[in-house]
Amino acid sequence: MAGGNERSMKALKEVWRRAENSLCADCGKPDPDWASSTLGVFICLSCSGIHRNIPSISKVKSLKMDHWDDAQVQFLAKHGNAVTKATYEAHIPIYYYQPTYNDCQVLREQWIRAKYERKEFTEPGKQLPYSDGVKEGILWKRGRDNGQFLPRKFLLSEREGCLKYFTKQDAKEPKINVKIDVINATFQPVKIGNPNGLQITYLKDNKTRNIFVYHESGKEVVDWFNAIRSVQFHYLKVAFPIASDNEIKNRLTRNFLKEGYMEKTGPKQREAFKKRWFTLDHRRLMYFKDPLDAFAKGEVFVGSRENGYSVQKGLPSGTQGNFSWHYGLTIVTPDREYLFTCETETDQLDWIAAFTSVINQAMTPQEYASKCLDAVSFPS
């Protein structure tokens, strides 16, 4: 018996060490130490918890702590991540967002359920709830002024190339009508205070407008997210006919590079530093009095190093404004310097790394045009 156990463990380790099984099959996290004995995939601890909630589809076990019999090990050897992915990920639409271990729970859970439970990607040309170019339904939207979440009708149309929402179910005219190419969507469960919270942003008069929504169903809110990406993809295919699918995919919805609190001072650099919420959305640095504000109080364009932009650790000597946080950083632009302080050194270094990643990238022609249009700057 002991010999059989040793033989099974040795065979299990051999399968586990295969290169294809070195990353979680669902989120890509390195060194997964759990596996599904019914699907044959190697997964991380976090994804194993999601699998455990679908017991009719997946039975999960620890590769380190649980016993694996010969038949189960042989099943893993026959399948593994590569074979299983070839079945369950055979026909993923190029616009569909495939989450990583850095993404929120609702995205990862619906990705796993879409693959194994609903089998959305096993057949070519399958009709999906986010693939037909139109989506209509109710989302709970946060009021711009009162902060209350109320049900609102939303309509997404590929034919019209826009997203609309209506304050009443029977309203003839939408409250907003936003072109799809200026929209971004990113999940914000912590900021919104709901596990299915989605932040939709768009440009209006070259200023960023935020809309915060959620739906009680995780599947429904993720379907909305991928429907937006689907409509964006087909719109951009027409607008940029010579661009490759991957080039267009990279222009779809994006996560913010960094968000969090810093203190800022005004352009004279003698005013008291004030605590504000900052969002770095690629080359747009925005600040808000409250994280859930509809409009930014100010925005600044962050260009590239060759165009005179840089980030420096610390504040210029002789800075006079009063500040309570002591980990400073300075953004240098061709026009002026912007001074900030962070609460901790870790925050300071993280912000510097985020700014550096943007500044080190060459600017595109579209970004040059955006800079010329962007007359908004940080007021005092």
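This is a predicted model, so every value here is computed, not measured.

### Some remarks on the UniProt feature "domain: Arf-GAP" (unreviewed entry) in the protein chain
Alright, step 1. Listed under "domain: Arf-GAP" (unreviewed entry) in the UniProt record, and renumbered for this structure, are residues 6–129.
Alright, step 2. Regarding residues 6–129, the helix share stands at 40% and the strand share at 6%, and the terminal C-alpha atoms are separated by 48 Å.

### Some points on the packing of aromatic side chains
Alright, step 1. Enumeration according to the criterion identifies 18 aromatic pairs in this entry.
Alright, step 2. Geometrically, the ring pair formed by Tyr96 and Phe121 is edge-to-face, given 5.0 Å between the ring centres and 70° between the ring planes. With a gap of 25 residues between them, Tyr96 in the loop between helix H4 (80–88) and helix H5 (105–117) and Phe121 in the loop between H5 and strand S4 (134–142) connect regions that are remote in the sequence. Each member of the pair Tyr96 and Phe121 is classed as buried.
Alright, step 3. Centroid distance Tyr96 to Tyr130: 5.5 Å. Interplanar angle 50°. Geometry classified as tilted.

### Let's talk about the nonpolar core
Alright, step 1. Counting 55 residues, the largest nonpolar core has Ile43, Leu156, Ile183, Phe187, Leu198 and Ile200 as the members making the most contacts within it.
Alright, step 2. It is helix H7 (residues 218–239) that provides the largest number of residues to this core, a total of nine residues.
Alright, step 3. Each of domain 1 (1–117) and domain 2 (134–250) contributes no fewer than three residues to this core.
Alright, step 4. Excluding its chain neighbours within four sequence positions, the residues that come into contact with Phe187 are Cys104, Val106, Leu107, Asn196, Gly197, Leu198, Val221, Val222 and Phe225.

### Topic: the layout of surface pockets
Alright, step 1. By volume, the largest pocket amounts to about 1100 Å³.
Alright, step 2. Broken down by element, the residue count for the lining of the largest pocket peaks at four residues, all from helix H10 (residues 365–373).
Alright, step 3. Classifying every residue of the lining of the largest pocket gives twelve nonpolar, twelve polar and seven charged.
Alright, step 4. Taken together, domain 2 (134–250) and domain 3 (258–377) each give at least three residues to the lining of the largest pocket, which thus spans both.
Alright, step 5. As a volume, the second largest pocket reaches approximately 310 Å³.
Alright, step 6. In terms of lining residues, the second largest pocket is bounded by 16 residues, among which Lys141, Arg144, Tyr165, Lys175 and Arg209 are the most central.

### Observations concerning the sheet that holds strand S10 (residues 207–214)
Alright, step 1. Reading across from one edge, S7-S6-S5-S4-S10-S9-S8 is the order of the seven strands in this open sheet, with antiparallel pairing throughout. Edge strands, defined here as strands with exactly one partner in the open sheet, are strand S7 (176–179) and strand S8 (183–187). When strand polarity is set aside, the average angle formed by the axes of neighbouring strands in this sheet is 35°.
Alright, step 2. Where strand S5 (residues 149–157) and strand S6 (residues 162–166) come together, five bridges link them in antiparallel fashion. Considered in S6, the bridge of Lys153 is made with Phe166.

### Remarks on the domain arrangement of the protein chain
Alright, step 1. Entries for the protein chain in the domain assignment read domain 1 (1–117), domain 2 (134–250) and domain 3 (258–377).
Alright, step 2. The straight-line distance from the C-alpha centre of domain 2 to that of domain 3 is 27 Å.
Alright, step 3. Contacts between the two partners involve 13 residues from domain 2 and, on the opposite side, 17 residues from domain 3.
Alright, step 4. Of the roughly 1300 Å² buried at the junction of domain 2 and domain 3 (both faces included), carbon and sulfur atoms supply 50%.
Alright, step 5. Three residues, Lys191, Asn206 and Thr208, lead the burial of domain 2 against domain 3; their summed loss comes to 43% of the area buried on that side.
Alright, step 6. Here domain 2 is connected to domain 3 by one salt bridge.
Alright, step 7. Its salt-bridge partner being Lys191, residue Glu259 comes within 2.7 Å of it at the nearest N-O pair.
Alright, step 8. Looking at the side of domain 2 that touches domain 3, the elements with two or more residues in it are helix H6 (189–192) and S10.
Alright, step 9. Sorting elements by how many residues they give to the side of domain 2 that touches domain 3 places S10 first, with five residues.
Alright, step 10. Partitioned by chemical class, the residues of the side of domain 2 that touches domain 3 number three nonpolar, five polar and five charged.

### Structural notes on the state of the cysteines
Alright, step 1. Summed over all chains, the structure comprises zero disulfides.
Alright, step 2. Cys47 forms no disulfide, and the closest cysteine sulfur to it belongs to Cys44, at a distance of 3.8 Å.

### Details of the packing of helix H2 (residues 45–52) against H5
Alright, step 1. Where H2 contacts H5, the two axes come as close as 10 Å, and the packing angle between them is 55°. Between H2 and H5, the angle falls in the class oblique. Considering only the axes of H2 and H5, their crossing is right-handed. Taken together, the residues of H5 that come into contact with H2 (itself represented by Ser46, Cys47, Ile50 and His51) are Gln105, Arg108, Glu109, Ile112 and Tyr116.
Alright, step 2. When grouped by side-chain class, the residues that make up the contact of H2 with H5 number four nonpolar, three polar and two charged.

About the thresholds
Residues numbered from 1 in each chain as written. Predicted model: local features only at pLDDT ≥ 70, side-chain atom pairs only at ≥ 80, totals over all residues. Heavy atoms only, no water. UniProt positions renumbered as here; feature names shortened; annotations may be inferred. Helix = DSSP H or I, 4+ residues; strand = E, 2+ residues; numbered from the N terminus. Phe/Tyr/Trp six-rings, centres within 6.5 Å; stacked < 30°, edge-to-face > 60°. Buried < 20%, exposed > 50% of the residue type's maximum accessible area, 1.4 Å probe, protein only. Core = buried A, V, L, I, M, F, W, Y, C linked by side-chain atoms within 4.5 Å. Domains from an automatic or database assignment. Contact = heavy atoms within 4.5 Å. 1 Å grid on protein atoms, 1.4 Å probe; cavity = no way out; pocket = protein on both sides within 12 Å on 5 of 7 lines; lining within 4 Å. Points joined across faces, edges and corners; volume = space filled by probe spheres on them. Nonpolar A, V, L, I, M, F, W, Y, C, P; charged D, E, K, R; others polar. Pairing = 2+ DSSP bridges. Axes fitted to C-alpha atoms, helices over the stretch in contact; angles between N-to-C directions. Buried area = accessible area lost by both parts, 1.4 Å probe. Salt bridge = Lys/Arg side-chain N within 4 Å of Asp/Glu carboxyl O. Disulfide = S-S within 2.5 Å. Parallel < 35°, antiparallel > 145°, perpendicular 65-115°, else oblique. Left-handed = near helix turned anticlockwise from the far one by under 90°.

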